[in-house]
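# A structural walkthrough
What follows is each chain in one-letter form.
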Amino acid sequence: MRGSCRPRNMRDKAVCTTNCPTLIVTVGLPARGKTYISKKLTRYLNWIGVPTKEFNVGDYRRECLKIYKSFEFFRPDNEEGVKIRHQCATSALNDVRQYLCVEGGHVAVFDATNTTRERRGTIMKFAEQNGFRVFFVESVCEDPDVIAQNIVQVKLENPDYVHCDSDEAIEDFMNRIKCYESSYQPLDEALDRDVSYIKIMDVGRRYMVNRVVDHIQSRIVYYLMNIHITPRSIYLCRHGESDLNIKGRIGGDSGLSARGKEFAQSLRNFIEEQKIKELKVWTSQMKRTIQTAECLGVPYEQWKALNEIDAGVCEEMMYEEIQEHFPQEFAMRDQDKYRYRYPKGESYEDLVQRLEPVIMELERQENVLVICHQAVMRCLLAYFLDKTAHELPYLKCPLHTVLKLTPVAYGCKVESVYLRVDAVNTHRDRPENVNVKRSTEDALQTVPAHL
Amino acid sequence: MPRELTQNRIQKIWVPTKDDKRRAGAPHFANPPTVIVMVGLPARGKTYISKKLTRYLNWIGMPTKVFNVGEYRREAVKNYSSYDFFKPDNECAVKIREQCALAALRDVKSYLKDEGGQVAVFDATNTTRDRRNLILEFGSENDFKIFFIESVCDDPSVIASNIMEVKVSCPDYRDCNKTDAMMDFQKRIECYRTSYQPLDPDQYDRDLSFIKVIDVGRRFLVNRIQDHIQSKIVYYLMNIHVQPRTIYLCRHGESTDNLEGRLGGDAGLSLRGRQFSAALTRFVEEQQLKNLKVWTSQLCRSIQTAEHLGVPYEQWKALNEIDSGVCEEMTYDEVKEKFPEEFALRDEDKYYYRYPAGESYQDLVQRVEPVIMELERQENVLVICHQAVMRCLLAYFLDKSADEMPYLKCPLHTVLKLTPVAYGCKVESICLNVEAVNTHRDRPEEIKRGPGTLIRRNSVTPLTSPECNIKKPRIDDLDEAPIHELPNSVAQLALCNSSRLTLAGQNLRSSSGRHDILQPCL
């Protein structure tokens with residue numbers, strides 16, 4: 001017997017093609033990590049180039065009901081509350097439709113408790129009418145420590161509790177959870193056998209995956225199975241200053257300059273001071289990153305995927321030379337630095353694809369130091385800090401500076417540590433004039449100083 | 001003082017100059033080896049999964065081997081008479097079966113500890129807790145990680161189909177007709193059913209690492225993934241399927257660079273190349289395929305070939321030809337002239353050799369892996385790619401080693417049609433009868449393959465999945481005195497000594513009066 005609601009009237013069903021949009025629907029009691037998962041998944045999908053947006057029904061409710069009084073609002077017998085919450089869900093779904101049908105979105109993440117079969121049925125009907133594929137992500141957890149920690153980490157800062165003290169807030173929130181518990185109908189092996197979903201149990205100890213139907217769902221499942229919430233830090237830095245850096249030349253495979261070697265030594269001191277538990281060190285397969293790692297005196301792993309962007313015909317050139325030999329290419333790069341591919345080389349967009357396995361493995365790992373290159377570091381940083389394709393190629397990643405990333409709440413805290421060894425500046429801002437017919441002076445306006 | 005670095009001549013990898021430890025021999029894997037343990041009733045696809053997974057892991061460079069206990073049993077008990085062998089109350093048979101399992105485990109240990117193996121797939125029913133506990137103890141004694149893959153399926157049509165495809169033709173039933181074989185096998189399954197204790201994620205097995213594959217991949221239950229390789233195994237298992245389909249591999253049509261004997265580049269099609277595209281279009285139409293997907297690289301010659309088909313196609317940068325770095329667009333003669341040492345090095349070890357500022361076949365495998373993963377998800381696909389890329393893909397489907405891969409024959413204007421069948425892949429080579437230059441360079445005769453100074457950091461080294469080559473003589477008569485060469489693992493199989501073993505009950509063999517039918521146990 002099919003438990004899920006299916007519309008009888010087939011005319012209501014929009015045609016679902018191979019590339020139809022996907023609606024991800026979170027399911028679970030409050031404080032089970034739904035919003036954490038929604039935001040992280042959204043960040044990942046956007047980074048790999050799948051336009052994704054999250055729609056948090058709680059935000060809609062906060063808009064509608066300016067002032068949150070107490071958990072009483074969530075009581076199942078509070079008719080007024082029920083009505084408002086239903087309206088908010090509907091409003092959010094309308095925005096989902098707008099995003100997926102009109103604004104060119106590919107994936108929408110509908111973040112709410114969605115704990116009743118009825119609510120999920122409504123959403124599935126909505127999806128079917130619009131030709132969206134639905135994929136549920138349920139988070140189930142009964143570990144009181146985990147739940148308490150969630151509440152402390154993200155609920156206390158929440159606008160709902162901005163004028164409460166911690167104890168009051170926690171108590172109210174626990175009561176709020178109780179309001180949902182009695183009507184909670186988890187996704188069921190039998191009743192929901194035809195529904196596509198992943199059930200995450202105990203923060204990733206166990207997963208139940210049902211009916212993955214396409215590529216994007218498969219990727220989502222793989223990602224969700226690789227992330228964890230164990231506290232750790234990721235350190236990102238570039239190789240020490242290289243001989244080509246000093247000459248203002250891009251790419252190549254040169255060794256470290258004297259100052260670069262000094263930086264490697266400072267990096268070693270820095271790492272030792274940090275007293276990091278079981279630090280893994282990763283480098284590219286280019287000499288300058290390996291030389292830097294060699295100084296640390298610890299084992300390191302070389303990844304070809306971390307090699308600097310391939311500048312193709314422009315390898316080892318100075319910007320001045322690129323302007324001289326390939327002025328049009330130079331201008332086009334400034335017009336769209338993310339998508340621009342060097343002739344016989346790569347683009348930032350290519351880099352992201354190349355780096356995806358590195359990101360996946362970083363998610364699996366705990367403390368890691370990644371010694372890489374400017375463009376590569378920008379890509380990795382954009383992933384952790386949720387930067388757009390537009391911002392990514394201009395992120396500041398200076399030499400001899402370590403970025404320490406620590407996951408906190410829904411995002412990532414960044415500390416920038418300059419290791420006090422001088423180096424050239426290799427950052428070139430976007431010039432004002434990006435027209436292919438621009439003058440040499442305009443083109444070279446933002447080139448940093450070098451020998 | 002930091003160590004000086006030199007660049008390894010073949011792989012172009014920077015290593016500390018006095019890095020002796022990285023010479024020849026076994027790959028450098030920091031992690032403990034893994035034993036993958038299959039679980040499930042007969043005809044649930046365990047061997048299919050074992051072989052496919054092994055092929056994939058070897059291709060991505062993880063030395064892996066299957067240990068199929070049924071093969072050990074066939075070695076020990078030369079002639080299978082009937083399902084009675086598998087009855088739980090057949091004490092002698094139970095003993096033999098246990099000895100076979102132990103023999104297989106001993107070989108697993110040897111493979112993982114002494115032969116450089118990283119993953120062993122223990123393919124047997126392993127349906128009881130006792131058996132699994134034995135394996136867990138074995139793992140714990142030897143510091144091996146244990147990962148279970150259970151296949152659960154109760155769909156009678158799937159099971160019948162499995163039996164027809166792989167059981168009916170297996171050595172056990174070589175003297176039977178299909179109907180008899182089918183019936184015997186079904187009874188064999190029943191022998192296991194009563195004692196079957198599936199993995200229990202809620203209680204008994206909650207601390208084990210495993211994946212339960214339910215109904216041929218409709219549903220999965222994944223418990224306690226410990227590490228990277230288990231995560232990749234789970235991802236792979238969730239992407240494969242058993243729907244019949246066909247994969248077509250071909251190269252772009254002949255290009256103008258091909259005519260001049262130039263490597264790489266981004267040239268367009270020659271006249272004959274365009275003729276090939278037309279022929280390819282006709283070929284595709286004749287095949288009358290349901291929903292064919294067409295994939296190309298992002299190089300002009302591949303796209304031009306697809307354009308002619310007049311159907312939508314998807315461009316993958318990952319399918320671009322191997323980057324020959326400083327040698328791009330040169331002819332082989334020019335390479336020999338300008339970079340004679342590089343030219344020689346490449347012939348010395350074509351798989352690991354990386355062009356300066358370019359790529360190696362090893363790099364290609366890593367680059368192309370997402371393509372393989374998506375090919376597994378898809379159904380009918382035509383991949384229009386390039387010589388080196390096609391060799392990588394073909395090596396995956398046909399289980400070819402790193403050594404063979406760079407010399408696989410992938411001529412222009414020829415389509416390879418791959419169809420999954422039983423445990424492997426059927427290949428048909430279809431030449432579309434449009435002339436083209438030959439771009440294949442055979443392995444030079446005089447190349448002696450020494451160990452070389454190969455680095456396997458983050459390595460990707462396809463190995464052919466090793467044959468289950470149990471180098472043991474057949475045991476025709478268990479009364480015979482043990483042969484001196486018999487390894488211990490087999491000598492102990494002769495447990496019910498001094499009497500012949502029984503396969504009481506219905507004998508399915510046609511009455512050819514074979515003397516080696518075993519007699520009742522006293």
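On a predicted model such as this, the values are computed, not experimentally measured, just so you know. (Residues numbered from 1 in each chain as written. Chains lettered and ligands numbered in written order. Predicted model: local features only at pLDDT ≥ 70, side-chain atom pairs only at ≥ 80, totals over all residues. Heavy atoms only, no water.)

## Observations regarding the overall build of chain B
When you go through chain B residue by residue, the secondary structure sums to 15 helices and 14 strands. In chain B, which comprises 522 residues, the share counted as buried stands at 56%. Counting contacts in chain B only where the partners sit at least 6 residues apart, residues at least 24 apart contribute 71% of the total. Here chain B has roughly 23300 Å² of accessible surface; of this, 49% comes from carbon and sulfur atoms. (Helix = DSSP H or I, 4+ residues; strand = E, 2+ residues; numbered from the N terminus. Buried < 20%, exposed > 50% of the residue type's maximum accessible area, 1.4 Å probe, protein only. Contact = heavy atoms within 4.5 Å. Areas by Shrake-Rupley, 256 points an atom, 1.4 Å probe, with all protein chains shown as cover.)

## Quick word on the interface of chain A and chain B
By convention, interface size is frequently given as the accessible area that disappears when the constituent parts associate. Facing the 40 residues of chain A at the interface are 39 residues of chain B. Between chain A and chain B, roughly 3500 Å² of surface is buried when both sides are summed, and carbon and sulfur atoms account for 48% of that area. Our count for the contact surface shared by chain A and chain B stands at four salt bridges. Among the ionic pairs, A:Glu294 bridges to B:Arg3, the shortest N-O distance being 2.9 Å. For the interface between chain A and chain B, the tally reads 21 residue pairs in polar contact (both at pLDDT 80 or more). When contributions to the side of chain A that touches chain B are tallied by element, the ones reaching two or more residues are β6 (206-210), α7 (215-226), α10 (287-294), β9 (301-302) and α13 (348-364) of chain A. With seven residues, the single largest contributor to the side of chain A that touches chain B is α7(A). Residues belonging to the side of chain A that touches chain B are distributed by class as follows: 13 nonpolar, nine polar and 18 charged. For β6(A) and strand β8 (residues 219-223) of chain B, the ladder comprises five bridges, and the chain directions are antiparallel. Looking across to β8(B), one finds that A:Val209 is bridged to B:Phe220. (Buried area = accessible area lost by both parts, 1.4 Å probe. Salt bridge = Lys/Arg side-chain N within 4 Å of Asp/Glu carboxyl O. Polar contact = N/O pair within 3.5 Å; in protein donor to acceptor, adjacent residues only side chain to side chain. Nonpolar A, V, L, I, M, F, W, Y, C, P; charged D, E, K, R; others polar. Pairing = 2+ DSSP bridges.)

## Focus on the nonpolar core
Among the nonpolar cores identified, the biggest contains 127 residues, and A:Ile198, A:Leu306, B:Leu57 and B:Ile149 are the most heavily contacted of them. In contact with A:Ile198, not counting residues within four places along its chain, are A:Phe135, A:Phe136, A:Val137, A:Glu138, A:Tyr207, A:Met208, A:Val209, A:Val221, A:Leu224 and A:Met225. Counting 94 residues, the second-largest nonpolar core is a separate cluster that includes B:Val39, B:Val69, B:Val77 and B:Phe185. (Core = buried A, V, L, I, M, F, W, Y, C linked by side-chain atoms within 4.5 Å.)

## Some details on a negative patch on the surface
Together, A:Asp165, A:Asp167, A:Glu168 and A:Glu171 give the surface a local cluster of negative charge. Looking at the secondary structure, you find A:Asp165 in the loop between α5 (144-155) and α6 (166-181). (Patch = residues over 30% accessible without salt bridge, like charges linked within 9 Å, V, L, I, M, F, W, Y side chains within 5 Å. Lys, Arg positive; Asp, Glu negative; His and termini not counted. Charge placed at Lys NZ, Arg CZ, Asp CG, Glu CD.)

## Here's the deal with the pattern of salt bridges
Overall, the coordinates contain 52 salt bridges over all chains when judged by the stated rule. Residues A:Glu189 and B:Arg219 are paired through a salt bridge, measuring 2.9 Å at the closest nitrogen-oxygen approach. Pair noted here: A:Glu189 is in the loop between α6 and β5 (197-201) and B:Arg219 is in strand β8, and the two residues belong to different chains. The network of salt bridges with shared partners includes A:Asp59, A:Arg61, A:Arg62, A:Asp160 and A:Arg176.

## Here we look at empty space enclosed by the protein
Residues and elements named next belong to chain A. With the rule as written, the count across this model stands at eight cavities of 30 Å³ or more. Quantified by volume, the largest cavity comes out at close to 410 Å³. Lining the largest cavity are 32 residues; nearest its centre among them are Ile250, Gly251, Glu308, Tyr319 and Gln374. Looking at the lining of the largest cavity, the elements with two or more residues in it are α8 (243-246) and α14 (374-385). In terms of residue count, the dominant contributor to the lining of the largest cavity is α14 (three residues). A breakdown of the residues in the lining of the largest cavity according to their chemical character gives 12 nonpolar, 11 polar and nine charged. (1 Å grid on protein atoms, 1.4 Å probe; cavity = no way out; pocket = protein on both sides within 12 Å on 5 of 7 lines; lining within 4 Å. Points joined across faces, edges and corners; volume = space filled by probe spheres on them.)

## A word on the packing of aromatic side chains
All names here are of chain A. What the rule picks out here adds up to 29 aromatic pairs over all chains. Taking the centre distance of 6.1 Å and the plane angle of 75° together, the rings of Tyr235 and Phe270 count as edge-to-face. Here Tyr235 is found in strand β7 (residues 234-238), whereas its partner Phe270 is found in helix α9 (residues 258-274), with 35 residues between them in sequence. With relative accessibility at 2%, the residue Tyr235 sits in the buried group. Through pairs of rings, three or more aromatic residues link up here, namely Tyr68, Phe73, Phe74, Tyr161, Phe173 and Tyr180. (Phe/Tyr/Trp six-rings, centres within 6.5 Å; stacked < 30°, edge-to-face > 60°.)

## Regarding the side chain of A:Ser139
Here A:Ser139 lies in strand β4 (residues 133-140). What makes A:Ser139 buried here is its relative accessible area of 8%.

## Quick look at the confidence of the model for chain A
For chain A, per-residue confidence averages 93 on the pLDDT scale, and 96% of positions sit at 70 or higher. In the predicted structure, residues 1-12 of chain A sits below a pLDDT of 50 and forms 11 contacts with residues beyond four places in sequence or in another chain. (pLDDT = per-residue confidence, 0-100.)

## Considering the sheet that holds β4(A)
An order of β2(A)-β3(A)-β1(A)-β4(A)-β5(A)-β6(A)-β8(B)-β7(B)-β6(B)-β3(B)-β5(B)-β4(B) is seen for the 12 strands of this open sheet, with the pairing classed as mixed. The open sheet terminates on both sides in strands that have one partner only, identified here as β2 (52-56) of chain A together with β4 (64-68) of chain B. In this sheet, adjacent strand axes meet at a mean angle of 15° when their direction is disregarded. Packing of helix α1 (residues 34-47) of chain A onto the sheet brings it into contact with β1 (22-27), β2, β3 (107-111), β4 and β5 of chain A, and relative to β2(A) it is tilted by some 160°. (Axes fitted to C-alpha atoms, helices over the stretch in contact; angles between N-to-C directions.)

## Quick look at the packing of helix α3 (residues 91-114) of chain B against helix α4 (residues 129-142) of chain B
Residues and elements named next belong to chain B. Contact geometry of α3 with α4 gives a least axis separation of 12 Å together with a crossing angle of 25°. Regarding the angle of α3 to α4, the classification is roughly parallel. Considering the relative orientation of α3 and α4, their crossing is right-handed. Mapping the contact onto sequence places Arg97, Glu98, Ala101, Leu102, Leu105, Val108, Lys109 and Lys113 in α3 and Arg131, Leu134, Ile135, Phe138 and Asn142 in α4. Its residues assigned to classes, the contact of α3 with α4 shows seven nonpolar, one polar and five charged. (Parallel < 35°, antiparallel > 145°, perpendicular 65-115°, else oblique. Left-handed = near helix turned anticlockwise from the far one by under 90°.)

## Quick word on the side chain of B:Arg301
Note that B:Arg301 resides in helix α10 (residues 300-307). Side-chain polar atoms of B:Arg301 contact the side chain of B:His386, separated by 3.5 Å.

## Here's the deal with the pairing of strand β7 (residues 210-214) of chain B
Residues and elements named next belong to chain B. Most of β7 is tucked away: five of the five residues are buried. Side-chain alternation along β7 places Phe210, Lys212 and Ile214 on one buried face and Ile211 and Val213 on a second face that is also buried. By the bridge criterion, five bridges tie strand β6 (residues 145-152) to β7 in an arrangement that is parallel. Among the inter-strand pairings, Phe148 is bridged to a residue of β7, identified as Phe210. Here β7 pairs with β8 via five bridges, running antiparallel. Each residue of the ladder has a partner; that of Val213, found in β8, is Phe220. Counting the residues that bridge the hairpin from β7 to β8 gives four residues, and of these Asp215 lies at a positive phi of roughly 55°.

## Description of unusual backbone geometry
One can expect most non-glycine residues to show negative phi and most peptide bonds to be in trans. The phi dihedral of A:Asn114 is positive, around 45°, even though this residue is not glycine. Its relative accessible area of 1% is what places A:Asn114 among the buried residues. Non-glycine residue B:Gln288 carries a positive phi angle of around 50°. By the secondary structure assignment, B:Gln288 is in the loop between α9 (271-287) and β10 (293-296). The class for B:Gln288 is exposed, based on a relative accessible area of 71%.

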